[in-house]
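Structural overview for review
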Number of protein chains: 2
Amino acid sequence: MEYSIGEFSRLTDLGIHTLRYYEHEGLITPGRNSSNRRCYSDKDLAWIEFIKRLKDTGMPIKEIQHYAKLRAAGDPTLRERMEMLTAHREALNEQIRQLQKHLTKLDDKIDFYRQEIDRTSKNN
Amino acid sequence: MEYSIGEFSRLTDLGIHTLRYYEHEGLITPGRNSSNRRCYSDKDLAWIEFIKRLKDTGMPIKEIQHYAKLRAAGDPTLRERMEMLTAHREALNEQIRQLQKHLTKLDDKIDFYRQEIDRTSKNN
DNA sequence: ATACAATGTAGAGTAAACTCTATGTCAAGA
DNA sequence: TCTTGACATAGAGTTTACTCTACATTGTAT
C-alpha cells in the first residue's frame, strides 16, 4: 500500500509538519508521485515506527539521522548499525535502572507524606 | 552548614547559572548574607536533590514550580502535594513499562541484525 | 468551469530548559 | 592601594524538536 502524507500522518500519529520536518532532516525519504506528492509505503511505516521507538527511548534526532544514513547505505553498514543499537540498548537499560531507583525513592517520600498527613490530622 | 553558590554548584552538580535560573523560576529560595550573597543550607541541598529527581523522571519545571509553591505554603498543602506525587508515581510507572516494552522490541531488532550479519558474511 | 481541500516549498515562530554576556559590587591577599 | 576572583543582576543567546504561516499547485466534486 501507498499513502499520502495526510493518510500517513493519521497512521503514524505524527503531524504532517512533523513528517515533512523528518524528511528535511533525512530521517525518511518517501517516494513521489507524478505530481510531486509524497508516497509513503508500508516499509516507510515500519521504519517510522522504529524511529518513534528510538525517539521515545531518548535517542536525539541527530543520532537517528546518522542511523538513517547508514541504513540508506545498505548491507555494508549492518555491523555499525547493530553496534549503535547495542550501545543504545545499554543506555536504555541504564535509564530504566535509574527510573526504578527514582521510583523507590518516590515511594519512600509518599510514605513519609502519608505519615505527616496522619500526624497533622490527629494534632487538633 | 551553609554554602556559597559556587560550593552549592559543586555539591549539586548544577551550574551556577542553572541555580540562579531555578531561583528565578521559584524552585528554590536560598537565604542571603549581609552582602546579598546566596546562602544555601543543607535543607536546600535535600530539596534540590528532590527537584533533580522530579526532573529526571520527566516532570516539567512548571509543575515543579507549582509543587515548590505548595511546599512554601507549609502543612495545609500536605495533601495536595501528596496527590501530585502519587499522580507522578503513576506516570513514572507507566513510563518504565513503556521503556521495558521498547527494550524487548530493541532486543528483537538486535537479534535480527545478528542473523543478517551472519547471513551476509556467509554469502560470499 | 469553478470551488475547495489536500498538498507543495521556504522560512518564521514557539516552548522548554538552560547557558552565556555585559556590567557592577565586594572581600581578601600581594 | 590595587588586583583578583567570586558573586550580583538583567537580559540576550542557544539548542532541540517541533509547529505554524504564507503562498503556490493540484486533484476532485459540483
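This structure is a prediction, so every number in the text was calculated from the model and none was measured.

Moving on to the sheet that holds strand S2 (residues 31–32) of chain B. Residue and element names in this part refer to chain B. If you walk across this open sheet you meet the three strands as S1-S3-S2, and the pairing is antiparallel. Only two strands of the sheet have a single partner each, and these edge strands are strand S1 (2–3) and S2. Against the sheet, helix H3 (residues 42–56) engages S1 and strand S3 (38–41), with an angle of about 75° to S3.

Further remarks concern the relation of the copies chain A and chain B. Two copies of a chain can be linked by a rotation about an axis combined with a shift along that same axis. Expressed as a screw transformation, the operator carrying chain A onto chain B has a rotation angle of 180° and an axial translation of 0.0 Å, and the superposed copies differ by an RMSD of 0.1 Å. The transformation just described matches what one would write down for a two-fold rotation axis. When each C-alpha of chain A is compared by its distance to the rotation axis, isoleucine 96 of chain A comes out closest, at 3.1 Å. When the interface residues of chain A are mapped onto chain B, 100% of them again fall at the interface, so both copies present the same face.

Right, let's talk about the pattern of salt bridges for a bit. Residues and elements named next belong to chain A. In the structure shown here, the tally under the stated rule is 12 salt bridges over all chains. The partner of arginine 32 in a salt bridge is glutamate 23, with the nearest N and O atoms 2.9 Å apart. Judged by its relative accessible area of 38%, arginine 32 falls in the partly exposed class. Of the residues examined, glutamate 23 reaches a relative accessible area of 17% and is grouped as buried. Taking the shortest distance from any N to any O, the salt bridge between arginine 97 and glutamate 94 comes out at 3.0 Å. Of this pair, arginine 97 and glutamate 94 are both found in helix H5 (residues 78–122), three residues apart, which corresponds to roughly one turn of the helix. When its relative accessible area of 45% is taken as the criterion, arginine 97 is described as partly exposed.

What follows is about the layout of surface pockets. Of the voids in this model, the largest pocket is the one considered here, and its volume is about 310 Å³. Lining of the largest pocket is provided by 13 residues; of these, Arg71 and Arg81 of chain A together with Lys109, Phe112 and Tyr113 of chain B occupy positions nearest its centre. Among the secondary structure elements, those contributing two or more residues to the lining of the largest pocket are helix H3 (42–56), helix H4 (61–73) and H5 of chain A together with helix H5 (78–122) of chain B. Broken down by class, the residue content of the lining of the largest pocket amounts to seven nonpolar, no polar and six charged. In this structure, the second largest pocket encloses a volume near 220 Å³. For the lining of the second largest pocket, the elements supplying multiple residues, two or more each, are H5 of chain A together with helix H4 (61–73) and H5 of chain B. Tallying contributions element by element places H5 of chain A first for the lining of the second largest pocket, with four residues. For the lining of the second largest pocket, the per-class residue count stands at five nonpolar, no polar and six charged.

With numbering aligned to this structure, UniProt lists the feature "domain: HTH merR-type" (unreviewed entry) at residues 1–70 of chain A. Annotated as residues 1–70 of chain A, this span is 60% helix and 11% strand, and its ends, taken at the C-alpha atoms, are 25 Å apart.

This part takes up the protein's contact with DNA strand C. Close to DNA strand C lie 19 residues; Ser4, Gly6 and Arg38 of chain A together with His17 and Tyr22 of chain B are nearest. A share of 71% is what sugar and phosphate atoms reach among the atoms of DNA strand C within 4 Å of the protein. Serine 4 of chain A places a polar side-chain atom, nitrogen or oxygen, 2.8 Å from a phosphate oxygen of DNA strand C. One nitrogen or oxygen atom from the side chain of arginine 32 of chain A is found 3.1 Å from a phosphate oxygen belonging to DNA strand C. Contributions of two or more residues to the surface near DNA strand C are made by helix H1 (5–12) and helix H2 (16–24) of chain A together with helix H2 (16–24) and H4 of chain B. Among the elements that make up the surface near DNA strand C, the one with the highest residue count is H2 of chain B (four residues). Per-class residue counts for the surface near DNA strand C are six nonpolar, six polar and seven charged.

Definitions and cut-offs
Residues numbered from 1 in each chain as written. Chains lettered and ligands numbered in written order. Predicted model: local features only at pLDDT ≥ 70, side-chain atom pairs only at ≥ 80, totals over all residues. Heavy atoms only, no water. Pairing = 2+ DSSP bridges. Helix = DSSP H or I, 4+ residues; strand = E, 2+ residues; numbered from the N terminus. Contact = heavy atoms within 4.5 Å. Axes fitted to C-alpha atoms, helices over the stretch in contact; angles between N-to-C directions. Least-squares fit on C-alpha atoms with pLDDT ≥ 70 in both. Salt bridge = Lys/Arg side-chain N within 4 Å of Asp/Glu carboxyl O. Buried < 20%, exposed > 50% of the residue type's maximum accessible area, 1.4 Å probe, protein only. 1 Å grid on protein atoms, 1.4 Å probe; cavity = no way out; pocket = protein on both sides within 12 Å on 5 of 7 lines; lining within 4 Å. Points joined across faces, edges and corners; volume = space filled by probe spheres on them. Nonpolar A, V, L, I, M, F, W, Y, C, P; charged D, E, K, R; others polar. UniProt positions renumbered as here; feature names shortened; annotations may be inferred. Near = heavy atom within 4 Å. Polar contact = N/O pair within 3.5 Å; in protein donor to acceptor, adjacent residues only side chain to side chain.

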